[in-house]
Amino acid sequence: MKLTDISANINEWFDGSGPLADIVISSRIRLARNIAGHKFLSRCSVAEKSEILKKLRDTLMSLELGDKVFYLSVDKTSLLGRHFLVERHLISRHHAFGNGPRGAVIAQREFFTAMINEEDHLRIQVLKGGCQLSQCYEQINRIDDMIEQKVDYAFSPRYGYLTACPTNLGTGIRVSVMLHLPALKMTGQIEKFLNATRDMGLAVRGLFGEGTEAAGDFYQISNQVTLGASESDIISLFENAIIPEIVEYENAARNQLLSKEPEVLDDKISRAMALLRNAHLISSQEALFLLSHLRMGINMREHLGASTPAIEKLSGLSDASRGTDKSETLSISTINRLFMLTQPAHLQLNYGKQLGPERRDALRAEIIRSALNG
Amino acid sequence: MYCQNCQEKEATIHLTEITDGLRTETHLCEQCAQKEGVAVKSQLSINELLSSLLASQPSDDEVFGDSKQNTSCPHCGSTLEQFTKNAVLGCPYDYEVFEKSLLPLIKKAHNGKKTHCGKVPSKTSTGTKKQIELMKLRQELEAAVQNEDYELAAELRDKINQREK
C-alpha cells in the first residue's frame, strides 16, 4: 500500500459524520505501553530497538482488526511522507521526526494506528468521527487485550502501566477530542474557555499547523492525569461534563451571533467566500482561517436552521466535487476535504513532487477555486 | 480590544505595571507581545516542569549528607540527572530505584494521586526477577556483540529466547 492510495481522499473520521460532528470533529484514544524485560527507548541500543520493533510489528500484523493493515518503516519513509502522516494525524510529530528504528502499523480505513518505538515501545490509537469516546475505548481496549495475549507489558500493581515519562503513568491513556469553535472565537469568549479547560487540568492544543497556535479555530483538548483515575472515569468526565458544556457554549455563541450580530456573521462568511472563490495565491494558514468560516456557516444552517443572506448564498454554491449533479448543495464533507487536501504535504504528494511555498499557494488556491465555483 | 501596537489583531495579553505608584496598562496581541518580549508562555514544556519540580526538592545529597546523588539504576545505568535533562526514564525499574525523588513529581502531575486504579492486564506478567534477568542478559548480549564475541552472543541469545517462551 502506498501513501498516495489514501492521500487523494479524506479519512473516515473527518468526513463530517458522527454524533455532534458540527462541533466535535473527532474523538481519539491513545494508550501507551512498554514491553517487560526491555529498557525504555532512551537507554536502548539500535539493536535492542530493532528487536522491539520486530516483535511488536509481528504481533500487530497478526491481529484480526477488522480491516486491512499496512506497515510503514517510519525511519525509511521520505520526509514528505512523514509530514503527510502527521497532517493526517496517523503518527505524532515526535514519531515522524525522531530517530532510530521505528515503525507504524496503520489500518487502511485509518481508524487505528500503532506507533512502535515512539517515546514508549508502543502507542496505539483509535480515531472516530464525532463524539464517540466510549466506542473508541471499547475498540482500543479490545485491541490492547489481543496484544497483551502475545507480549508482556511492563506493569506494576501500584503504578499501573509503566511509561518512559511519568506523566503517562498508570492507565497510559490520552483521551482527546478535536473541536471546531469559530463562534466562541468570534464573540471573544475563546480565551475564557481556554483558561477554564486549563484550570480543569486539561491540555489545549491547535489541531492543524505547527506548535500550539490554533489555526482555523480548531482545538484539541485532552486529559493530562493518567494515574489514580480509571479509564472509564476519564472518559465519562469528557462525555458527561466537558463535551456537553463546550457544545452548549459554542451553540450559544452561534445563536448569539445570529440574533444580535447577523451582519458580523454574514460579513465573515461572505468575505471568506469571496476570497476563497477568487484568490490565486493562498497560504495554508489563510485557507484554514477562511474555510473555518464556511464550515461554520453550513453547520449553522444544517443544525440551527440559520438562514441569513450569506448562509443562503453559501449553501447555494453548487458542489463541484459531486460531478454533474449540480442540484446538491455545498456539503460539510467537501469543506472538510478542502481542509485536509490543501495541507502542504497532501498538496505535494497528490501533485507528485515537491513544490516551493509559492507554487503550493497557487495550487492550493486553484483546488479551492475549482471546488467552490462549481 | 485591539492591540495597541499593531492596531490590527485582538489584544490577548494585558499587562499592568505599577511604577512609583503610577499605573500603566499595556494591551498587546500575542505576536506583538512576543516581539516586545513580554509574552507569557501559556504552558510550561514538560522538561521545564520536570526540572523545576526536581530542583525544588532537597537533593539526596542534602537529605543523606553524602554523595548518594550519583546513584544510577543498577538495571539500566540511568541517573536522575539524565531524567531531569531528557524527561524520560531509562527502564521500568527506575520507578523503584528513584521512587523517593519521583513520587512528588508523580503526585504533582496526576492531581495528587499516586496509585493506579484502572485496567490491569488479564495475563499475569512474568515475574519481576525474570524481567530483570532478561534486561541483564540483553545488556550482556550487547557487550558480547560489541566485543565481537559471537559465540557468547549466540549463547546469550538462546538464553533470552528460552526465558521469553
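Everything below is about the structure printed above this text.
Structural notes, computed from the coordinates. Everything numeric in this text was worked out from a predicted model, so none of it was measured.

## Concerning the pattern of salt bridges
Here comes step 1: The full count for this structure, using the stated rule, is 20 salt bridges over all chains.
Here comes step 2: Where Glu12(A) meets Arg109(A), a salt bridge forms, and the shortest distance between an N and an O atom there is 3.1 Å. Taken together, the residues Glu12(A) in the loop between helix H1 (4-7) and strand S1 (24-33) and Arg109(A) in the loop between strand S3 (103-107) and strand S4 (112-116) connect sequence positions 97 residues apart.
Here comes step 3: Residues joined by salt bridges that share partners form a network here, namely Arg33(A), Asp144(A), Asp145(A) and Lys119(B).

## Looking at the interface of chain A and chain B
Here comes step 1: Across the contact, 53 residues belong to chain A and 45 residues belong to chain B.
Here comes step 2: Of the roughly 4,100 Å² buried where chain A meets chain B, counting both sides, 54% is carbon and sulfur surface.
Here comes step 3: In terms of surface lost to chain B, no three residues of chain A exceed Lys39(A), Arg43(A) and Pro166(A), which account for 15% of the buried area on that side.
Here comes step 4: Linking chain A to chain B there are five salt bridges.
Here comes step 5: Across the pair Lys119(B) and Asp145(A) runs a salt bridge whose closest N-O atoms are separated by 2.8 Å.

## Description of a negative patch on the surface
Here comes step 1: The grouping of Asp149(B), Glu151(B), Glu155(B) and Asp158(B) at the surface amounts to a negative patch.
Here comes step 2: Mapped onto the secondary structure, Asp158(B) falls in helix H8 (residues 150-164).

## Considerations on the packing of aromatic side chains
Here comes step 1: Here the structure, examined in full by the defined rule, presents six aromatic pairs over all chains.
Here comes step 2: Judged by centre distance (6.5 Å) and plane angle (45°), the ring pair of Phe14(A) and Phe339(A) falls under tilted. Of this pair, Phe14(A) sits in the loop between H1 and S1 while Phe339(A) sits in helix H12 (residues 332-341), and the two are 325 residues apart along the sequence. Neither residue differs from the other here; Phe14(A) and Phe339(A) are each classed as buried.
Here comes step 3: Measuring from ring centre to ring centre gives 6.0 Å for Tyr159(A) and Tyr95(B), while their planes differ by 45°; the resulting arrangement is tilted. Placement of the pair is Tyr159(A) in the loop between strand S6 (155-156) and strand S7 (160-161) and Tyr95(B) in helix H5 (residues 94-97), with the two residues belonging to separate chains.
Here comes step 4: According to the relative accessible area criterion, Tyr159(A) is buried, its value standing at 5%.
Here comes step 5: Aromatic ring contacts, followed pair by pair, group Trp13(A), Phe14(A), Phe218(A) and Phe339(A) into a single cluster.
Here comes step 6: Note that Arg33(A) overlies the ring of Tyr161(A), its terminal NZ or CZ placed 3.5 Å from the centroid.
Here comes step 7: Here the basic side chain of Arg57(A) rests over the ring of Tyr71(A), its NZ or CZ set 4.0 Å away from the ring centre.

## Here's the deal with the environment of Phe339(A)
All names here are of chain A.
Here comes step 1: Residue classification places Phe339 among the buried positions, given a relative accessible area of 0%.
Here comes step 2: For the pair Phe339 and Asp120, spaced 219 residues apart in sequence, the C-alpha to C-alpha distance is 31 Å.
Here comes step 3: Residues in contact with Phe339, not counting those within four places in the same chain, are Phe14, Phe218, Leu288, Leu291, Ser292 and Arg295.

## Some words on the sheet that holds strand S9 (residues 202-206) of chain A
Residues and elements named next belong to chain A.
Here comes step 1: With antiparallel pairing, eight strands are arranged side by side in an open sheet as S2-S3-S4-S5-S1-S8-S10-S9. Only two strands of the sheet have a single neighbouring strand rather than two, namely strand S2 (69-73) and S9. When strand polarity is set aside, the average angle formed by the axes of neighbouring strands in this sheet is 20°.
Here comes step 2: In this sheet, S3 lies alongside S2 in antiparallel orientation, the contact comprising five bridges. Looking at the pairing, Phe70 lines up with Ile106 of S3.
Here comes step 3: Relative to the sheet, helix H7 (residues 190-199) contacts strand S8 (173-180), S9 and strand S10 (218-223), its axis offset from that of S9 by approximately 140°.
Here comes step 4: The strands touched by helix H8 (residues 231-260) are S1, S8, S9 and S10; relative to S8, the strand with the most contacts, the crossing angle is about 10°.

## As for the nonpolar core
Here comes step 1: Ranked by size, the top nonpolar core spans 98 residues in total, and within it Leu60(A), Phe112(A), Ile221(A) and Phe238(A) carry the most contacts.
Here comes step 2: The greatest single-element share of this core, amounting to ten residues, is contributed by H8(A).
Here comes step 3: Setting aside chain neighbours within four positions, we find Ile221(A) in contact with Val175(A), Ser176(A), Val177(A), Leu179(A), Phe193(A), Thr197(A), Leu202(A), Ala203(A), Val204(A), Phe238(A), Ile242(A) and Ile246(A).
Here comes step 4: One finds Ala164(A), Leu227(A), Cys73(B) and Ile106(B) within the second-largest nonpolar core, a separate group that totals 23 residues.

Calculation notes
- Residues numbered from 1 in each chain as written.
- Chains lettered and ligands numbered in written order.
- Predicted model: local features only at pLDDT ≥ 70, side-chain atom pairs only at ≥ 80, totals over all residues.
- Heavy atoms only, no water.
- Salt bridge = Lys/Arg side-chain N within 4 Å of Asp/Glu carboxyl O.
- Helix = DSSP H or I, 4+ residues; strand = E, 2+ residues; numbered from the N terminus.
- Contact = heavy atoms within 4.5 Å.
- Buried area = accessible area lost by both parts, 1.4 Å probe.
- Patch = residues over 30% accessible without salt bridge, like charges linked within 9 Å, V, L, I, M, F, W, Y side chains within 5 Å.
- Areas by Shrake-Rupley, 256 points an atom, 1.4 Å probe, with all protein chains shown as cover.
- Lys, Arg positive; Asp, Glu negative; His and termini not counted.
- Charge placed at Lys NZ, Arg CZ, Asp CG, Glu CD.
- Phe/Tyr/Trp six-rings, centres within 6.5 Å; stacked < 30°, edge-to-face > 60°.
- Buried < 20%, exposed > 50% of the residue type's maximum accessible area, 1.4 Å probe, protein only.
- Lys NZ or Arg CZ within 6 Å of the ring centre and 35° of its normal.
- Pairing = 2+ DSSP bridges.
- Axes fitted to C-alpha atoms, helices over the stretch in contact; angles between N-to-C directions.
- Core = buried A, V, L, I, M, F, W, Y, C linked by side-chain atoms within 4.5 Å.

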